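Letter by letter, the chains look like this.
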Amino acid sequence: EVSITKFPADERKIIAKAHDKYKKARAGIINTRHGQIHTPAFMPVGTKGTVKAMLPESVQTTGADIILGNTYHLMLQPGAKRVFKLGGLHKFMNWSKPLLTDSGGFQVMSLSKLRKITEEGVIFNSHIDGSKFMLSPESSTEIQYLLGSTITMAFDECTPYPSTYEQAKSSMELTSRWAKRSRKAFYSRDGYGQFGIIQGSIYNDLRLKSALDLIELDFEGYAIGGLAVGEGQELMFKVLDYAPDLLPINKPRYLMGVGKPADIIGAVQRGIDMFDCVIPTRSGRNGQAFTKYGVVNIRNSKYKEDNTPLEEDCLCPACKNYTKAYLHYLVKVKEILGAMLMTWHNLMYFQKLMLRIREYIAQGKDFDFIS
Ligand SMILES: Nc1nc2c(CCNCC3CCCC3)c3[nH]c(NCCc4ccccc4)nc3cc2c(=O)[nH]1
Ligand SMILES: [Zn+2]
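What counts and what doesn't
- Residues numbered from 1 in each chain as written.
- Chains lettered and ligands numbered in written order.
- Predicted model: local features only at pLDDT ≥ 70, side-chain atom pairs only at ≥ 80, totals over all residues.
- Heavy atoms only, no water.
- Pairing = 2+ DSSP bridges.
- Helix = DSSP H or I, 4+ residues; strand = E, 2+ residues; numbered from the N terminus.
- Axes fitted to C-alpha atoms, helices over the stretch in contact; angles between N-to-C directions.
- Polar contact = N/O pair within 3.5 Å; in protein donor to acceptor, adjacent residues only side chain to side chain.
- Contact = heavy atoms within 4.5 Å.
- Donors = N, O, S within 2.8 Å, 3.2 Å for Na, K, Ca; no water.
- Tetrahedral: all angles 85-135°; square planar, octahedral: opposite > 155°, others 65-115°.
- Near = heavy atom within 4 Å.
- Areas by Shrake-Rupley, 256 points an atom, 1.4 Å probe, with all protein chains shown as cover.
- Nonpolar A, V, L, I, M, F, W, Y, C, P; charged D, E, K, R; others polar.
- Core = buried A, V, L, I, M, F, W, Y, C linked by side-chain atoms within 4.5 Å.
- Buried < 20%, exposed > 50% of the residue type's maximum accessible area, 1.4 Å probe, protein only.
- Patch = residues over 30% accessible without salt bridge, like charges linked within 9 Å, V, L, I, M, F, W, Y side chains within 5 Å.
- Salt bridge = Lys/Arg side-chain N within 4 Å of Asp/Glu carboxyl O.
- Parallel < 35°, antiparallel > 145°, perpendicular 65-115°, else oblique.
- Left-handed = near helix turned anticlockwise from the far one by under 90°.

Peer 1: Would you mind going over the sheet that holds strand E13 (residues 274-276) with me for this structure?
Peer 2: Think of a sheet as strands paired side by side through backbone hydrogen bonds, with each pair either parallel or antiparallel. Strand order in the open sheet formed by eight strands is E3-E13-E12-E11-E10-E9-E5-E4, and the pairing between neighbours is parallel. Edge positions in the open sheet fall to strand E3 (41-43) and strand E4 (67-70), since each of these has one partner strand only. Averaged over all pairs of adjacent strands, the angle between strand axes in this sheet comes to 25 degrees, irrespective of strand direction. For E4 and strand E5 (residues 99-102), the ladder comprises four bridges, and the chain directions are parallel. Bridged to Ile67 within E5 is Leu99.

What follows is the structure, encoded as structure tokens:
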């Protein structure tokens, strides 16, 4: 027998607010030439044509539908033309599912020593041997074509944080001019796409102008750039309270560089569909395991005789066949297997989180869980 209890007015308001909070979350499927992407999706980072310490088939078993490649690293070594000659990045790294490559500007600013930003593009010296390179909307788009990317990112300038309104405005306008050139240079083919990246820092009128400029170019999807650059979660969420709504509702929305589980959950609630972050792989190699009990720093001496798995119900090889004591030891003595098992577990954890989020959205349930 179904009993309908009438909530007192103020409780109804709280429940409505909660549902209101989740109403922007959406679950969907992106169809590409290299397969489907179930969203909300977490995309593991494979900077130099490999997800570090993982075989591609192992990445696949974690449930990842798509991984990231890095234009900046691959153009320096082994070179985009060489990868193209060898059959493209999919063949080169034996990954047949979708690949997204960043356009390289962000990495130039964070990795190369000497660089100069001009209207034409970014001139920089390779951090490997100091030789001179130029990345422009045209060259970045061509490099991503040579790599064979399923999803190509427009060449943008990631506005640093903090920036004054004027700095953010001129940076956003440069990104809009570069987006136009990127779009023009894109060789559009069925099942492949190019995403524009909006900038504008924390200024809502600049975010709106950036979105309008890029919507005119009719990209297959849109990324929100210029976040997770030190502004903190509160300010990031403040921008995400309105920025996703400036973008076409029927196209994928990608929040670049995010993030920790709590960041991902908050961003999904605000309408984001795609994420990438080095955290599960980088922190895994560094001895940090994400678990339902929180982050476990496996190097802590309290684990040296802990004969239990990271998570008793996790199906990854680290949890099925090994103990925290063994992982503690491997990471301590810097054994390669330590990096492999910790990475595998973290990628599995992030994919399980995304799977649960997709299920909760599909069932119209709240998903404020952080575990
Ligand atoms: N084009 C572009 N890329 C951005 C990126 C790179 C996203 N990962 C790319 C992959 C492709 C290959 C490498 C990475 C960002 N990453 C972050 N934050 C990362 C913060 C972070 C740093 C270290 C550890 C954890 C989090 N903000 C970003 C903003 C932009 C942006 O505006 N434009
Ligand atoms: Zn595990």
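What follows continues from the structure just given.
Peer 1: Help me understand the side chain of Gln199, please; the structure alone is not making it clear to me.
Peer 2: For Gln199, the position within the fold is in the loop between strand E10 (193-198) and helix H9 (204-215). A polar contact of 3.3 Å, which involves the side chain of Gln199, links it to the backbone nitrogen of Gly226. For Gln199, the residues in contact, after removing those within four places along its chain, are Asp156, Glu157, Cys158, Thr159, Met172, Thr175, Leu206, Arg207, Ser210, Gly225 and Gly226.

Peer 1: What is the right way to read the coordination of the zinc ion (ligand 2) from this model?
Peer 2: Within the protein, the zinc ion (ligand 2) binds to Cys314 (SG), Cys316 (SG), Cys319 (SG) and His345 (ND1); these donor distances fall in the range 2.0 to 2.4 Å. With four donor atoms in place around the zinc ion (ligand 2) and angles of 103 to 113 degrees between them, the coordination shape is tetrahedral. The motif formed by the donor residues of the zinc ion (ligand 2), counted along the single chain, is C-x1-C-x2-C-x25-H. On the criterion of sequence distance, the pair formed by Cys316 in the loop between strand E15 (294-297) and helix H13 (317-321) and His345 in helix H15 (residues 336-362) is long-range, its members being 29 residues apart.

Peer 1: It is not clear to me how the site of ligand 1 should be interpreted in this structure. Could you clarify?
Peer 2: In the vicinity of ligand 1, 25 residues are found, and the nearest of them are Asp102, Asp156, Gly226, Leu227 and Asp276. Note that a nitrogen atom of ligand 1 is positioned 2.8 Å from one of the side-chain N or O atoms of Asp102. Between ligand 1 and the protein, one listed contact pairs a nitrogen atom with a side-chain N or O atom of Asp156 at 2.8 Å. Relative to its free-state accessible area of 710 Å², ligand 1 is covered by the protein chains to the extent of 83%. For the shell around ligand 1, the leading source of residues is E4, giving three residues. Tallied by class, residues from the shell around ligand 1 come to twelve nonpolar, nine polar and four charged.

Peer 1: Would you take a moment to explain the nonpolar core for this structure?
Peer 2: The tendency in soluble globular proteins is for nonpolar side chains to be buried side by side. Counting residues in hydrophobic clusters, the biggest one holds 35 residues, and the most contacted among them are Ile224, Leu240, Leu255, Ile264, Val268, Phe275 and Ile357. Among the secondary structure elements, those contributing two or more residues to this core are H9, strand E11 (221-224), helix H10 (233-240), helix H11 (261-269) and H15. With near-sequence residues (within four places) excluded, Leu240 lies in contact with Ile224, Leu227, Leu255, Ala267, Arg270 and Ile272. Within the second largest apolar cluster, 26 residues are counted, among which are Ile67, Val83, Met93 and Trp178.

Peer 1: Would you mind showing me how to read a nonpolar patch on the surface here?
Peer 2: On the surface, a cluster of nonpolar side chains totalling about 320 Å² of accessible area is made up of Phe84, Tyr145 and Tyr187. Topologically, Tyr187 is positioned in the loop between helix H8 (165-185) and E10.

Peer 1: I'm lost on helix H7 (residues 137-147) in this one. Help?
Peer 2: Since there are 3.6 residues in each turn of an α-helix, residues three or four apart along the chain are aligned in direction. Most of H7 sits inside the fold, with eight of its eleven residues counted as buried. When we look at burial in H7, the residues that qualify are Pro137, Ser139, Ser140, Thr141, Ile143, Gln144, Leu146 and Leu147. Where H7 ends, the next residue or the one after it, Gly148, has phi of about 90 degrees, a positive value.

Peer 1: Help me understand the packing of H11 against H15 in this model?
Peer 2: Packed helices, taken two at a time, are described by the angle their axes make and the gap between the axes. Running from N to C, H11 and H15 cross one another at 25 degrees; their axes reach a closest spacing of 11 Å. The orientation of H11 with respect to H15, classified from their angle, is roughly parallel. Seen along the crossing, H11 lies across H15 with a hand that is right-handed. Counted together, Pro261, Ile264, Ile265 and Val268 of H11 and Tyr349, Phe350, Leu353, Met354, Ile357 and Ile361 of H15 form the full contact between these two elements. Its residues assigned to classes, the contact of H11 with H15 shows ten nonpolar, no polar and no charged.

Peer 1: Help me understand the environment of Thr32, please; the structure alone is not making it clear to me.
Peer 2: Within the fold, Thr32 resides in strand E1 (residues 28-32). Taking relative accessible area as the criterion, Thr32 reaches 16% and is therefore assigned buried. Note: C-alpha distance between Thr32 and Lys97 (65 residues apart in sequence) is 9.0 Å. Once you skip the residues sitting within four places of it in the chain, Thr32 turns out to touch Ile37, Pro98, Thr150 and Gly191. A polar atom in the side chain of Thr32 sits 2.6 Å from the backbone oxygen of Gly35.

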